[in-house]
Amino acid sequence: MVLLLAAIFLVVSLAPSADAQRRRRPSKTKNIAVGTAVGAVGGALIGGRKGALIGAGAGAGAGYGVYKYKTRKRRRGR
């Protein structure tokens, strides 16, 4: 009985879920956050504290640009 339950559990857990087939929409917050972090680190390495602030701003703008690109690409693909 225990082996049967274990086999059923194994088969069910290995089956792909239906949600795995769906595409997720781009996350604006995630893109901007990653862009800000990368820009801040890059700016800090190049120009210290002031460079970090400038890099964070530029990175946030770049992250937003990536988000807009992904959403446009997703709309065209439909």
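Look up: the structure comes first, before these words.
Residues numbered from 1 in each chain as written. Predicted model: local features only at pLDDT ≥ 70, side-chain atom pairs only at ≥ 80, totals over all residues. Heavy atoms only, no water.

Draft legend 1. Layout of the overall build of the protein chain. Each helix and strand counted, the protein chain has 2 helices and 0 strands in total. Within the protein chain, the proportion of its 78 residues that are buried is 17%. By sequence separation, contacts in the protein chain at least 24 residues apart represent 64% of the contacts at least 6 residues apart. Accessible surface computed for the protein chain: about 6800 Å², of which carbon and sulfur atoms make up 65%. (Helix = DSSP H or I, 4+ residues; strand = E, 2+ residues; numbered from the N terminus. Buried < 20%, exposed > 50% of the residue type's maximum accessible area, 1.4 Å probe, protein only. Contact = heavy atoms within 4.5 Å. Areas by Shrake-Rupley, 256 points an atom, 1.4 Å probe, with all protein chains shown as cover.)

Draft legend 2. Examining the environment of Ala37 more closely. Tracing the backbone shows Ala37 in helix H2 (residues 28-77). Spatially, the C-alpha atoms of Ala37 and Ala56 are 6.5 Å apart, while their sequence positions differ by 19 residues.

Draft legend 3. Region of interest: H2. When the terminal C-alpha atoms of H2 are compared, their 19 Å separation across 50 residues is substantially less than the 74 Å that a helix rising 1.5 Å per residue should span. Asn31, Gly35, Gly39, Gly43, Gly51, Ala52, Gly55, Ala56, Gly59, Gly63, Tyr67 and Thr71 are the residues of H2 that are buried. (Expected span 1.5 Å × (residues − 1).)

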